[in-house]
Amino acid sequence: MAASTSQHALVSAKSLCAGPSFETRTSKVGFVSVRRCCLGARKLGLVCASNSQSSVMEPAQLPLSPQSGSTPKKSSESALILIRHGESLWNEKNLFTGCVDVPLTPKGVDEAIEAGKRICNIPVDVIYTSSLIRAQMTAMLAMMQHRRKKVPIVVHSESEQSHRWSKIYSEETKKQSIPVITAWQLNERMYGELQGLNKQETADRFGKEQVHEWRRSYDIPPPNGESLEMCAERAVAYFKDQIVPQLVAGKHVMIAAHGNSLRSIIMHLDKLTSQEVISLELSTGIPMLYIFKEGKFIRRGSPAGPSEAGVYAYTRSLAQYRQKLDNMFQ
Ligand SMILES: O=C(O)[C@H](O)COP(=O)(O)O
């Protein structure tokens with residue numbers, strides 16, 4: 001089932017994005033998706049809310065937002081990479097995690113490194129992660145693999161002092177940095193009184209159907225927790241207010257987050273219904289690429305590793321970027 005639905009996703013992507021370098025891949029695709037998984041063309045509101053983080057962005061020289069006076073590159077396209085964090089210590093123990101801040105396992109570390117190899121030829125100008133360490137570890141480990149070798153630097157916004165104390169005084173060093181912005185809005189959905197409970201034991205106690213409803217229904221929250229709908233409200237609002245302006249400005253964005261915060265963003269990008277999102281499952285550590293062009297999101301599938309035969313859904317400008325890296329580093 002995974003292979004066939006994934007194939008569906010990529011075949012759909014092909015019909016939207018056919019180009020000379022597109023090749024469908026049926027393996028290693030982390031998104032076990034739904035019937036209508038590739039309706040990625042959606043016009044987003046391009047009138048962007050004011051960017052409350054503009055001062056926070058300054059130390060690591062964040063890309064300018066449209067509000068700050070930069071001219072959006074109208075004809076350009078931007079890459080948007082989504083990665084669910086690698087396996088965490090509580091994933092391994094089959095515990096409900098939610099907003100509990102648990103680190104990666106060694107396997108999760110490997111998954112993050114593997115994810116990094118898969119995106120090592122795709123440009124990244126700014127990284128967004130949740131405020132949880134498993135997403136941040138994933139983002140950092142993945143970026144260690146990037147061929148451009150820019151340094152990901154966490155932007156600290158806790159206080160005016162942390163902003164001031166993390167200032168970088170070299171323009172050249174700033175150019176070789178990638179700002180990493182952490183946002184609680186991208187956190188995993190809060191699992192309420194299930195956090196820390198074993199998933200299997202909870203199913204044995206409350207019944208499989210009840211637990212499935214808590215885990216996968218759209219609008220039924222677990223006891224004192226967030227439903228997917230509630231999680232989507234804050235994650236998608238953040239995406240529209242803070243991340244879309246970067247894409248509009250021509251910046252390439254990576255988001256490292258969680259199963260449910262990413263499911264809600266994908267629901268928005270692919271225009272999935274609340275019924276369809278129920279069967280959307282994301283694997284840990286598998287990146288998924290979208291292209292943002294002319295106000296639309298186009299799903300391009302999951303990038304292949306550099307040593308794997310064949311090319312994935314490169315667009316012309318991504319192929320040019322890869323060529324530039326080849327020229328720089330060979
Ligand atoms: O929070 C958790 O336990 C997991 O990251 C996601 O769990 P789920 O697959 O039950 O939504």
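Residues numbered from 1 in each chain as written. Predicted model: local features only at pLDDT ≥ 70, side-chain atom pairs only at ≥ 80, totals over all residues.

S.K.: Which residues make up the overall build of the protein, and what are the values?
M.R.: Secondary structure summary: the protein contains 12 helices and 9 strands in total. Out of the 330 residues in the protein, the part that is buried amounts to 43%. For the protein, the share of sequence-separated contacts (at least 6 apart) that also reach a separation of at least 24 residues comes to 79%. (Helix = DSSP H or I, 4+ residues; strand = E, 2+ residues; numbered from the N terminus. Buried ≥ 20, exposed ≤ 12 C-beta atoms within 10 Å, placed from the backbone. Contact = placed C-beta atoms within 7 Å.)

S.K.: Let's hear about the sheet that holds strand S8 (residues 287–293): which residues, and what values?
M.R.: Strand order in this open sheet of 7 strands is S4-S5-S3-S6-S2-S8-S9, and the pairing throughout is mixed. Two strands bound the open sheet, and with one partner strand each, they are strand S4 (151–154) and strand S9 (296–301). Adjacent strand axes in the sheet meet at a mean angle of 25°, parallel and antiparallel pairs treated alike. Sheet analysis places S8 next to S9, joined by 5 bridges and oriented antiparallel. Residue pairing for S9: Lys293 is matched across the bridge by Lys296. (Pairing = 2+ DSSP bridges. Axes fitted to C-alpha atoms, helices over the stretch in contact; angles between N-to-C directions.)

S.K.: Can you break down the packing of helix H4 (residues 106–118) against helix H5 (residues 133–144) residue by residue, with the values?
M.R.: Axis separation between H4 and H5 bottoms out at 7 Å; the angle between their running directions is 50°. On the basis of their axis angle, the class for H4 and H5 is oblique. When you trace H4 past H5, the crossing you get is right-handed. Together, Val109, Ala112, Ile113, Ala115 and Gly116 of H4 and Met137, Thr138, Leu141, Ala142, Met143 and Met144 of H5 make up the contact between the two elements. (Parallel < 35°, antiparallel > 145°, perpendicular 65-115°, else oblique. Left-handed = near helix turned anticlockwise from the far one by under 90°.)

S.K.: Give me the pairing of S9: which residues, what numbers.
M.R.: Taken across its 6 residues, S9 has 5 buried, putting it largely inside the fold. In this structure, the hairpin formed by S8 and S9 is closed by a connection of 2 residues, where Glu294 is found at a positive phi of approximately 50°.

S.K.: Go over helix H10 (residues 228–248), please, and point to the residues and values.
M.R.: Owing to its 3.6 residues per turn, the α-helix brings residues three or four apart onto one side. The largest bend in H10 is about 35°, located at Lys240. Those residues of H10 lying buried are Leu228, Cys231, Ala232, Ala235, Phe239, Gln242, Ile243, Val244, Pro245, Gln246, Leu247 and Val248. Those residues of H10 that are buried lie in contact with strand S2 (77–84), strand S3 (126–129), strand S6 (253–257), helix H11 (259–269) and S8. Looking one or two places after H10, you find Gly250, whose phi comes out positive at around 90°. (Bend = angle between axes of the 7 residues up to and from the residue.)

S.K.: Summarise the environment of Lys117; cite the residues concerned and give the values.
M.R.: Within the secondary structure, Lys117 sits in helix H4. The exposure class assigned to Lys117 is partly exposed, which follows from the 19 C-beta atoms found within 10 Å. Once the C-alpha coordinates of Lys117 and Met144 are considered, the two residues, 27 residues apart in sequence, prove to be 9.0 Å apart.

S.K.: Let's hear about the UniProt feature "site: Transition state stabilizer" (unreviewed entry) in the protein: which residues, and what values?
M.R.: Feature annotation in UniProt places "site: Transition state stabilizer" (unreviewed entry) on His258, given in this structure's numbering. With respect to the helices and strands, the residue His258 is situated in the loop between S6 and H11. Not counting the four nearest positions on each side in its chain, His258 is found in contact with Arg84, His85, Ser130, Ala135, Asn187 and Glu188. (UniProt positions renumbered as here; feature names shortened; annotations may be inferred.)

S.K.: I'd love a proper account of the packing of H10 against H11, names of residues and values included.
M.R.: At a minimum axis distance of 8 Å, the contact between H10 and H11 shows a crossing angle of 70°. By the angle class used here, H10 and H11 are roughly perpendicular. Once H10 is placed against H11, the crossing between them reads as right-handed. Counting all contacts with H10, which are made through Leu228, Cys231, Ala232, Ala235, Val236 and Phe239, the residues of H11 involved are Asn260, Ser261, Arg263, Ser264, Ile265, Met267 and His268.

S.K.: Please set out H4 residue by residue, giving values where relevant.
M.R.: Compared with the 18 Å implied by 1.5 Å per residue over 13 residues, the 19 Å span of H4 between its first and last C-alpha is a close match. For H4, the set of buried residues is Gly108, Glu111, Ala112, Ala115, Gly116 and Arg118. Relative to the axis of H4, the buried residues are bounded by an arc of 160° and lie together on one face. Looking at the buried positions of H4, the neighbouring elements they touch are S2, H5 and S8. (Expected span 1.5 Å × (residues − 1). Arc of directions from axis to C-beta.)

S.K.: Could you give me a rundown of the pairing of S8, with the residues and numbers involved?
M.R.: Across the 7 residues that make up S8, a large majority, 6, are buried. Pairing of S2 with S8 involves 7 bridges; the strand directions are antiparallel. Residue pairing in the sheet places Ala79 in a bridge with Ile291 of S8.

S.K.: Describe unusual backbone geometry, and please don't skip the residues or the numbers.
M.R.: Note: most residues except glycine have negative phi, and most peptide bonds are trans. With a phi angle near 55°, Lys271 is a residue other than glycine that sits in the positive phi range. Mapped onto the fold, Lys271 is located in the loop between H11 and strand S7 (281–282). Of note in this structure, Glu294 is not a glycine but carries a positive phi near 50°. Mapped onto the elements, Glu294 comes out in the loop between S8 and S9.

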